[in-house]
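Structure at a glance
One letter stands for each residue in the lines below.
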Number of protein chains: 2
Amino acid sequence: MIRIGIYGYGNLGRGIEAAIRQNSDLTLAAVFTRRDPKTVVLKTAGVPVYRAEDAQKHKDEIDVMIMCGGSATDLPMQTPMLAGLFNVVDSFDTHARIPEHFAKVDEVARKAGTTAIISVGWDPGMFSLNRLYASAVLPDGKDYTFWGKGVSQGHSDAIRRIEGVVDAKQYTVPVEGALSAVRSGACPELTVRQKHTRECFVVAEDGADLEKIENEIKTMPNYFADYDTTVHFISAEELKRDHSGIPHGGSVIRTGKTGFSGENTHVIEYSLKLDSNPEFTASVIVSYARAAARLAERGESGCKTVLDIPPSMLSSETPEELRKRLL
Amino acid sequence: MIRIGIYGYGNLGRGIEAAIRQNSDLTLAAVFTRRDPKTVVLKTAGVPVYRAEDAQKHKDEIDVMIMCGGSATDLPMQTPMLAGLFNVVDSFDTHARIPEHFAKVDEVARKAGTTAIISVGWDPGMFSLNRLYASAVLPDGKDYTFWGKGVSQGHSDAIRRIEGVVDAKQYTVPVEGALSAVRSGACPELTVRQKHTRECFVVAEDGADLEKIENEIKTMPNYFADYDTTVHFISAEELKRDHSGIPHGGSVIRTGKTGFSGENTHVIEYSLKLDSNPEFTASVIVSYARAAARLAERGESGCKTVLDIPPSMLSSETPEELRKRLL
């Protein structure tokens, strides 16, 4: 049995708790929280909830600690800290800062003799893997990543910060025409605007200036200004009824040429359609927690990413079973 | 530079020769053939062609030997034999016999201190990897593999053996309705007949009994009897004009549930659309030849499959570059 700790009990932490139940070789050993542990009610009976700052006291009860904080401020601080005590897995997803995060975690983990796997999930994660496999196999080619249709938490939050907005949900939507062009093997050059549109469902305060809100959304730099954006004003009831899920997904597509004169074209596509972004992310993380426990057992300390992990380490089945059943 | 040998110069061997040119860290060192080497003309100037039986003499000229024989009779004999002398990669694709082939190659490679990677290509190969990743991530789910639309060499050969048939090409075609049902997450139970149809283009001898040929095809056990099969009689010119390519492809789809009561459904799909089956297979093999050379350098001898190889080993880029560019 691999004993898992959950560090942070939000959407992702609850997803981890659910995912552990689907894997008979994993068990939830404890949850660590910054809230008052007495106020945290788990779905799993008999599992202790501890204060985050007491983690060190429970070092011997946990084989792998799964870091469930946010990438903006929690993980850059927490993962290196906890990697000094535990084998850890996180889902750090600020793409541009991964090399820096890797270096920090690697240094701590090497010193402590622990194993860390960072940036696990679907992007970064399964999408990264597929970009790697496809580009290794088709070196003369081009990659495309499309996201959606799905809810972007960051964009929804940005809308909520606008004056007069009560609540909002933003969907990132891939442009069908761009997807078809890429899938045809045509290898088009696509601008940001040509790849995705943004669709916003906004609940405004009574009497708010809707035109002003819509304009503020559509011209918001980085978030919306470079996209074709649609804004729908709806009631709080409609938002709750029609937009309370957190679906997401997308596709990684690589097209490339082979042959002595590049005469043959190939299209590789990996795509996800997810009802629940945090639950799927949790499912990926849990399989890499198994790999982290195995690497630690072999004494392979330091920081790794999904790109470094042999696929068979993710599975509870033996190599013999996998060869027989899946090859 | 990793020096590659090609053992067997047919469609796959030529694909390997073309793929090596797309990878600047690989070089074609020699081709080995059972034919008279004088009759074999390579596309690459200055590369020697040797007799297959002289391979041992050229042990020090080759870092990885790529086995390009057939799975029916060549590879079961050749891969274990050559693994005693070289690091080898093969594309052994008789799924049911992989455990046995693995055991034979592993024994020889361990004794000789060489590294072997077997069953590399797209199925087995990239499809196997995707079955593994998807089933590790969604343990409560179900896998589907669809093939095509593409040319099945084995089925085309079976038609050619019928009396009165001059030439033939058989396409395996996935049933669109079955694909859509699986992609919807519905998790249907599908019979062989419900998943694929078979479409045959046949050139018959002048005066042959077409009805008899069609009936023989449609009732052929193992190959066609379990499928809905369509037979088109065409001229030799039409066959050459419209059916001389070797396209293939397909999809691995896994659907699964997550959540405390399985309330969320996810669909993972990996799909390939290939203009040339042997050239794509060759491209996959060449990236695993790089991995074989690296494993050998680390002293990791014995037999491996794609399931055991860390993804980053397939790429010519450094781990730092990969983390920065692909994660």
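Residues numbered from 1 in each chain as written. Chains lettered and ligands numbered in written order. Predicted model: local features only at pLDDT ≥ 70, side-chain atom pairs only at ≥ 80, totals over all residues. Heavy atoms only, no water.

1. Here's the deal with unusual backbone geometry
All names here are of chain A. Look at the link from Asp123 to Pro124: it is a cis peptide, with omega at 5 degrees. Between Gly148 and the following residue, Lys149, the backbone shows a cis peptide bond with an omega angle of 0 degrees. Here Lys149 shows up in the loop between strand 7 (141-147) and strand 8 (150-151). One non-glycine residue, Ser119, adopts positive backbone phi at about 60 degrees. Residue placement: Ser119 occurs in the loop between strand 6 (115-117) and helix 4 (126-137). Owing to a relative accessible area of 0%, Ser119 belongs among the buried residues under this scheme. (Helix = DSSP H or I, 4+ residues; strand = E, 2+ residues; numbered from the N terminus. Buried < 20%, exposed > 50% of the residue type's maximum accessible area, 1.4 Å probe, protein only.)

2. Points about the sheet that holds strand 3 (residues 49-51) of chain B
All names here are of chain B. Here we have seven strands laid out as an open sheet, ordered 3-2-1-4-5-6-14, and parallel in their pairing. A strand with exactly one partner marks an edge of an open sheet, and here the two such strands are strand 3 and strand 14 (302-304). With direction set aside, neighbouring strand axes in the sheet form an average angle of 25 degrees. Direction of pairing for strand 1 (residues 2-7) relative to strand 2 (residues 26-33): parallel, over a ladder of six bridges. Looking across to strand 2, one finds that Ile6 is bridged to Val31. Contacting strand 1, strand 2, strand 4 (64-67), strand 5 (87-89), strand 6 (115-117) and strand 14, helix 10 (residues 277-297) crosses the sheet at an angle of about 155 degrees to strand 6. (Pairing = 2+ DSSP bridges. Axes fitted to C-alpha atoms, helices over the stretch in contact; angles between N-to-C directions. Contact = heavy atoms within 4.5 Å.)

3. Topic: the relation of the copies chain B and chain A
Expressed as a screw transformation, the operator carrying chain B onto chain A has a rotation angle of 180 degrees and an axial translation of 0.0 Å, and the superposed copies differ by an RMSD of 0.1 Å. Both chain copies can therefore be described as sitting about a two-fold axis. (Least-squares fit on C-alpha atoms with pLDDT ≥ 70 in both.)

4. A short note on the packing of aromatic side chains
Residues and elements named next belong to chain A. One pass over the full model with this rule turns up 11 aromatic pairs over all chains. Look at Trp122 and Phe127: their rings are 5.3 Å apart centre to centre, the planes differ by 80 degrees, and that puts the pair in the edge-to-face class. Looking at Trp122, the relative accessible area reads 7%, which means it is buried. Each ring, one from Phe127 and one from Tyr270, has its centre 6.1 Å from the other, and the planes form 85 degrees; the classification is edge-to-face. With Phe127 in helix 4 and Tyr270 in strand 13 (residues 264-274), the pair connects residues that are 143 residues apart, well separated along the chain. Tyr270 carries the same exposure label as Phe127, and that label is buried. Of the aromatic side chains, those joined through ring pairs into one cluster are Tyr7, Phe32 and Tyr50. In this structure, Lys195 is placed above the aromatic ring of Phe146, and the distance from its NZ or CZ to the ring centre is 5.2 Å. (Phe/Tyr/Trp six-rings, centres within 6.5 Å; stacked < 30°, edge-to-face > 60°. Lys NZ or Arg CZ within 6 Å of the ring centre and 35° of its normal.)

5. Some thoughts on the pattern of salt bridges
Enumeration over the complete set of coordinates arrives at 42 salt bridges over all chains. Put simply, Asp242(A) and Arg241(A) hold a salt bridge, and the shortest N to O gap is 2.8 Å. Judged by its relative accessible area of 43%, Asp242(A) is partly exposed. Taking relative accessible area as the criterion, Arg241(A) reaches 60% and is therefore assigned exposed. The closest approach of N and O atoms between Glu107(B) and Lys111(B), which form a salt bridge, is 3.3 Å. Highlighted residues: Glu107(B) and Lys111(B), both in helix 3 (residues 98-112), separated by four residues, approximately one helical turn. Overall, the relative accessible area of 48% leaves Glu107(B) in the partly exposed class. Classification of Lys111(B) as exposed rests on a relative accessible area of 70%. Salt bridges here are not isolated pairs; linked through shared partners, they connect Asp157(A), Arg160(A) and Asp167(A). (Salt bridge = Lys/Arg side-chain N within 4 Å of Asp/Glu carboxyl O.)

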